[in-house]
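So the chains spell out like this:
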Amino acid sequence: MRWSLTIGRFGETAVKIHVTFLLLLAWIGFSAWRQQGAAAARDSVVFIVLIFACVVLHEFGHILVARRFGIKTPEVTLLPIGGVASMQSLPEKPSQELAVAIAGPLVNLAIAVVLLALVGRIDAADMARLDDPRVSLLARLAAANVFLAVFNLVPAFPMDGGRVLRALLAMKMGRPRATRIAAAIGQAFAFGLGFLGLFGNPLLIFIAIFVYVAAAGEAQMTAFHESARGLTVAQAMETRFAAVPAHAKLSDAVETLLATAEPEFPVVDAFGKPIGLMMRRDILAALKDHDREAAVADFMRAPIETLRATTPLEAAIDRFAQQDVAGLCVVDRDGVLVGLLTRQNLAEMMMIKSMRPDWRFERSRA
Ligand SMILES: [Zn+2]
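Please read these numbers as outputs of a predicted model, since none were measured by experiment.

**A closer look at the overall build of the protein chain**
A count of helical and extended segments in the protein chain gives 13 helices and ten strands. If one aligns the C-alpha atoms of the protein chain with their principal axes, the spans along those axes are about 75 × 50 × 40 Å. The 366 residues of the protein chain split such that 44% are buried. Considering only contacts within the protein chain whose residues lie at least 6 apart along the sequence, 60% involve residues at least 24 apart. Distance from the positive charge centre (37 side chains) to the negative charge centre (33 side chains) of the protein chain: 5 Å.

**Brief notes about helix H10 (residues 250–259)**
Along H10, the residues classified as buried are Leu 250, Ser 251, Ala 253, Thr 256 and Leu 257. Lining the buried residues of H10 we find strand S5 (244–245), strand S6 (264–268), strand S7 (274–279) and helix H11 (280–289).

**Looking at the sheet that holds S7**
In spatial order, the strands read S5-S6-S7; together these three strands make up an open sheet with mixed pairing. The open sheet has two edge strands with one neighbour each: S5 and S7. By the bridge criterion, two bridges tie S5 to S6 in an arrangement that is parallel. Its bridge partner being in S6, Val 244 is matched across the sheet by Val 267. Where H11 meets the sheet, its contacts fall on S6 and S7, and the angle it forms with S7 comes to roughly 75°.

**Here we look at the pattern of salt bridges**
Applying the stated criterion across every chain yields a total of six salt bridges. Note that Arg 140 is salt-bridged to Asp 43, the shortest N-O span being 2.6 Å. Of this pair, Arg 140 sits in helix H5 (residues 137–152) while Asp 43 sits in helix H2 (residues 38–68); the two residues are 97 residues apart in sequence, bridging distant segments of the chain. Judged by relative accessible area, which is 25%, Asp 43 ranks as partly exposed.

**Brief notes about the coordination of the zinc ion**
Around the zinc ion, the protein contributes the donor atoms His 58 (NE2), His 62 (NE2), Asp 160 (OD) and Asp 160 (OD), which lie 2.0 to 2.5 Å from the metal centre. Note that the zinc ion binds four donor atoms; their angles at the metal cover 57 to 150°, and the shape is irregular. For the zinc ion, the single-chain donor residues occur in sequence as H-x3-H-x97-D. Taken as a pair, His 62 in helix H2 and Asp 160 in helix H6 (residues 160–173) lie far apart in primary sequence, 98 residues in all. Exposure class is identical for His 62 and Asp 160. Each is buried.

**Side note on the side chain of Thr 73**
For Thr 73, the location among the structural elements is in the loop between H2 and strand S3 (75–79). With residues near it in sequence (within four places) discarded, Thr 73 still touches Glu 12, Thr 13, Ile 63, Ala 85, Ser 86 and Met 87.

**Concerning the layout of surface pockets**
Taken as a whole, the largest pocket spans an internal volume of roughly 2,000 Å³. In this structure, the largest pocket is lined by 50 residues; those nearest its centre are Ser 86, Met 87, Glu 218, Met 221 and Ala 321. The element that contributes the greatest number of residues to the lining of the largest pocket is helix H8 (residues 202–228), accounting for eleven residues. In terms of residue class, the lining of the largest pocket is built from 22 nonpolar, 13 polar and 15 charged.

**Re the sheet that holds strand S8 (residues 306–308)**
Strand pairing within a sheet occurs via backbone hydrogen bonds; the two strands may be parallel or antiparallel. As summarised here, the arrangement of the three strands in space is S8-S9-S10, forming an open sheet in which the pairing is mixed. Taken across any chain shown, the strands that pair with only one partner, and hence form the sheet edges, are S8 and strand S10 (337–342). Strand-to-strand, the axes of this sheet are offset by a mean angle of 35°, without reference to chain direction. Strand direction decides the pairing type here: strand S9 (residues 327–331) and S10, joined by five bridges, are antiparallel. Its bridge partner being in S10, Leu 328 is matched across the sheet by Leu 341.

**Details of the pairing of S6**
In terms of burial, S6 is largely enclosed, as five of its five residues are buried. Alternating positions in S6 separate into two faces, Glu 264, Pro 266 and Val 268 on one and Phe 265 and Val 267 on the other, with burial throughout. Bridge count for S6 against S7 is five bridges, and the pairing is antiparallel. Bridge pairing links Pro 266 to Leu 277 in S7. Where S6 folds back onto S7 in an antiparallel hairpin, the turn is made up of five residues, including Gly 272, whose phi is positive at roughly 80°.

**Some details on unusual backbone geometry**
Of note, the amide linkage connecting Ala 302 to Pro 303 takes the cis form, showing an omega dihedral of -5°. Here Pro 303 lies in the loop between H11 and S8.

**Thoughts on the packing of aromatic side chains**
Aromatic rings in a pair are described by how distant their centres are and how their planes are angled relative to each other. As enumerated under the stated definition, the model contains five aromatic pairs in all. Taking the centre distance of 5.7 Å and the plane angle of 80° together, the rings of Phe 10 and Phe 60 count as edge-to-face. With Phe 10 in strand S1 (residues 4–10) and Phe 60 in helix H2, this pair connects stretches of sequence that are 50 residues apart. Judged by its relative accessible area of 48%, Phe 10 is partly exposed. Here Phe 195 and Phe 199 contribute two aromatic rings whose centre-to-centre distance is 5.3 Å and whose plane-to-plane angle is 75°, an arrangement assigned as edge-to-face. Of this pair, Phe 195 and Phe 199 both sit in helix H7 (residues 175–199), separated by four residues, roughly a single helical turn. When its relative accessible area of 53% is taken as the criterion, Phe 195 is described as exposed.

Reading the values: rules and limits
In this numbering scheme, every chain counts its residues from 1 along its sequence in written order. In keeping with the predicted nature of the model, local features appear solely for residues at pLDDT of at least 70, side-chain atom pairs appear and are counted solely at 80 or more, and the whole-chain, interface and lining totals rest on all residues. Hydrogens and water molecules were not included; the side-chain quantities draw on all heavy atoms of the structure. Put simply, DSSP marks the helices as runs of H or I at least four residues long and the strands as runs of E at least two long, and each gets a number from the N terminus on. Partly exposed residues are those whose accessible area sits between 20% and 50% of the maximum for their type, while under 20% is buried and over 50% is exposed, using a 1.4 Å probe and protein chains only. The contact rule is simple, with two residues in contact once any of their heavy atoms fall within 4.5 Å. Residues counted as positive are Lys and Arg, residues counted as negative are Asp and Glu, and His and the chain ends are not counted. Positions of charges follow a simple convention, taking NZ of Lys, CZ of Arg, CG of Asp or CD of Glu. At least two DSSP bridges between two strands are needed for those strands to be called paired. Between N-to-C directions, angles cover 0 to 180 degrees, with each direction set by a line fitted to C-alpha atoms, over the stretch in contact for helices. A side-chain nitrogen of Lys or Arg and a carboxyl oxygen of Asp or Glu constitute a salt bridge if their distance falls within 4 Å. Atoms are scored as donors when they are N, O or S and lie within 2.8 Å of the metal, with 3.2 Å used for Na, K and Ca; no water is included, so coordination may look incomplete. Geometry is assigned from the angles between donors: four donors with all angles from 85 to 135 degrees make a tetrahedral site, four or six donors whose opposite pairs exceed 155 degrees while the rest stay between 65 and 115 make square planar or octahedral sites respectively, and everything else is labelled irregular. In this analysis the probe radius is 1.4 Å and the grid spacing 1 Å, with only protein atoms considered; a cavity is a set of points the probe fits into but cannot get out of, a pocket is an open set with protein on both sides within 12 Å along at least five of seven lines, and lining residues have an atom within 4 Å of a point. Grid points are joined across faces, edges and corners, and a volume is the space filled by probe spheres set on the points. Gly falls in the polar group here, along with every residue not listed as nonpolar (Ala, Val, Leu, Ile, Met, Phe, Trp, Tyr, Cys, Pro) or charged (Asp, Glu, Lys, Arg). Geometry of aromatic contacts follows a simple scheme: Phe, Tyr and Trp rings, the Trp one being its six-membered ring, pair when their centres are within 6.5 Å, and the pair is stacked under 30 degrees between planes, edge-to-face over 60, tilted otherwise.

Spatial relationships are all this shows, so hold off on functional conclusions.
Now the structure itself:
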């Protein structure tokens, strides 16, 4: 995710914070300072750091349950509405997805119960005054954890409640349809939230936009998967493109760039096997500090991952979703380059499928 800073690493998971999370913290600190002065601002900052710690614990609730199902989480990003753990795959069974999704809010509820036991006395009026420094820190932290649990259980992507809802629906109807329904509910919720924001807290509008975009993204990803079902990489890949030989020079790369309209060029060895990938911007960047005779091997991207032409297209979509790759080289049984799969190919395939769901794709080269 862009605009995020890595603040630490626990086990195999990097913890990142998104800039908007910091903006929210700054806004809370500033409003405390403006209303009650420096001491209140300091108190608020301590409070914020503690909430931040609870959000991290919430995420690790998800991550540890996911790990039980063999799913790794390379990073977790903290956003104003909570955290997003970038798990490498979805849990296979809906019951597993349910367990992973609900683990986070349960962590917050557990923290709240412990804190309330420490405070000893529950005053609902105090709990509602989250930003009032006169209320005990522990009581406010307990209230914040209840809020985190409840807010994350709202049935809208990307909140945990959206995943809980999808998991419950998926037990009855399969994941694609469950995602569509869960995403539609999420977007309806976002509209309602944005509408409330117009009359109340403008922060709600910001959250509503975020929820709407996330729900749309989740629905689009599922639509991608559905349009790709039953197809292989060979049926979607580019087969007419310029490949650059490994012994080529920068001047050859520039000529190829000008002669074609493509933004990416595979580099192949003498046997036609792909050994690297060059993007338009790599060639342009190379012009700055390489001369005409420089070998393409000096500035191409390598090593690269390849994909078999017979691979299901759905698996290729997951590769694009998980990694920031521009294009994947497609190879045959012998490792020889036979095609190139780009995000553009996937978009074209999806457009064709949305206009003609019954369209038969002829190519099936392996
Ligand atoms: Zn969560």
